[in-house]
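# Report on the structure
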Amino acid sequence: MKTSIIIASHKAYTTPYDKMYLPLHVGAEGKDPLDGFTPDNTGDNISKKNPYYCELTGMYWAWKNLDSDVIGLVHYRRYFTLQRKQYRKTHHWTDSVLTQAELESLLSMYLEQTDDIRLSYTMIAPKDFLLVPQKRKYYIESLYSHYAHTFDGHHLDLSREIIDKLCPEYLDAFDETMKQTWGYMWNMLIASRDVYDRYMSWLFPILEELEKGIDLSQLSSFEQRLFGRVSEILFNVWVNQEKSKGLILMEIPVLHTVPENWPVKVKSFLSAKIFGKKYKASF
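The paragraphs below set out a description of the structure included in this document. Bear in mind that the values here come from a model prediction, so they are computed numbers and not experimental data.

### Side note on unusual backbone geometry
At Y139, a position not held by glycine, the phi torsion is positive, near 60 degrees. Of note, Y139 is situated in the loop between β7 (136-137) and α4 (143-150). The phi dihedral of N187 falls on the positive side, at around 60 degrees, and the residue is not glycine. Inspection of the secondary structure puts N187 in the loop between β8 (182-183) and β9 (189-192). Under the relative-accessibility criterion, N187 is labelled buried at 2%.

Structure, rendered in structure tokens:
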């Protein structure tokens, strides 16, 4: 089984040692090369859209240029993990990142869960599987209201119109997803090739139509990154529709190489909900 988990990064950073990881320089077009990173402006690519699409330029590159049986995406500061130990002086975070051996063990569990035919991992991957991050819970906000309070709900309204036009069978899943108070975020996933292809084939036509309906010249550079943010929510729409057709998910914990600044996050979250203060920068 050939596995490629791309590590989306815009700068040089320590990467795990496991051979299944592929450090990828996203937004490489017009930038100096990063030592040890594959640039995303080779082959069939949309690298120049990185200021608007974020890590999606890496996902597109993997879709069009890799021949792997399993494809996934993590970030230079976020990884899947099965380990509990983190941030000890004697223990580096790279020792806690999901390994290929652990992934294969998970897939064995997946096959048992789906009652599928046992397959040899050295020959072929299971036909359909999807690993996602553990749910991000918002509790007092739905996915729609959180996005509307922190960015611009019109982006999601327009996405709904596009889905109604391009793939109306996803409309019910869209409406239900908008009501959720949790989501699978960061565009992180590990999927069999067929599942990955299906998702990419569904997502990018929607985003291309969304581009036509938004005047980016009126937005700040931070606001222009909206397509990456909208895709996080659209991923949940697609997942919900696929679940209704029988796809089973496995949720995996996420390791942050830099601890999250929860006081700042919570303050910004509440300021957006209560006072309508939009996010103006990453944190």
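### Digging into the pattern of salt bridges
Tallying each qualifying case throughout the model produces 12 salt bridges. The closest approach of N and O atoms between R193 and D197, which form a salt bridge, is 3.1 Å. Note that R193 and D197 are positioned in helix α7 (residues 193-212) at a spacing of 4 residues, about one turn of the helix. One salt-bridge network, held together by shared partners, links D128, D194, R198, E242 and K245.

### Here's the deal with the packing of aromatic side chains
Counted by the stated rule, this structure contains 16 aromatic pairs. Note on W182 and Y184: the rings are 5.4 Å apart at their centroids and 65 degrees apart in plane angle, and the pair reads as edge-to-face. Feature note: the residues Y13, Y21, Y76, Y79 and W93 constitute an aromatic cluster, connected by ring pairs. Positioned above the aromatic ring of W182 is the side chain of K135, whose terminal nitrogen or guanidinium carbon lies 4.9 Å from the ring centre. A cation over a ring is seen here: R229 above F222, with NZ or CZ 4.2 Å from the ring centre.

### Examining α7
For the α-helix, the turn length of 3.6 residues means that residues three or four positions removed from each other point alike. For α7, which comprises 20 residues, the first-to-last C-alpha distance of 29 Å matches the rise-based estimate of 28 Å (1.5 Å per residue) to within 8%. Inspection of α7 places V195, Y196, Y199, M200, W202, L203, F204, I206, L207 and L210 among the buried residues, and these make up the whole buried set.

### With respect to the environment of H10
Structurally, the position occupied by H10 is in the loop between β1 (3-9) and β2 (21-25). Excluding residues within four positions of it along the chain, H10 makes contact with H25, V26, L34 and Y76.

### Some remarks on the nonpolar core
Of all hydrophobic cores here, the largest spans 85 residues; its most connected members are L130 and W202. At 10 residues, α7 tops the list of elements feeding residues into this core. In contact with W202, not counting residues within four places along its chain, are I163, C167, Y170, L234, V237 and W238.

### Here's the deal with the side chain of N50
Relative to the helices and strands, N50 is located in helix α1 (residues 50-53). Judged by relative accessible area, N50 falls into the buried class, the value being 16%. Only 2.8 Å separates the side chain of N50 from the backbone oxygen of C54, close enough to count as a polar contact. Not counting chain neighbours up to four residues away, the residues in contact with N50 comprise V26, G27, E55 and T57.

Parameters at a glance
- Residues numbered from 1 in each chain as written.
- Predicted model: local features only at pLDDT ≥ 70, side-chain atom pairs only at ≥ 80, totals over all residues.
- Heavy atoms only, no water.
- Helix = DSSP H or I, 4+ residues; strand = E, 2+ residues; numbered from the N terminus.
- Buried < 20%, exposed > 50% of the residue type's maximum accessible area, 1.4 Å probe, protein only.
- Salt bridge = Lys/Arg side-chain N within 4 Å of Asp/Glu carboxyl O.
- Phe/Tyr/Trp six-rings, centres within 6.5 Å; stacked < 30°, edge-to-face > 60°.
- Lys NZ or Arg CZ within 6 Å of the ring centre and 35° of its normal.
- Expected span 1.5 Å × (residues − 1).
- Contact = heavy atoms within 4.5 Å.
- Core = buried A, V, L, I, M, F, W, Y, C linked by side-chain atoms within 4.5 Å.
- Polar contact = N/O pair within 3.5 Å; in protein donor to acceptor, adjacent residues only side chain to side chain.

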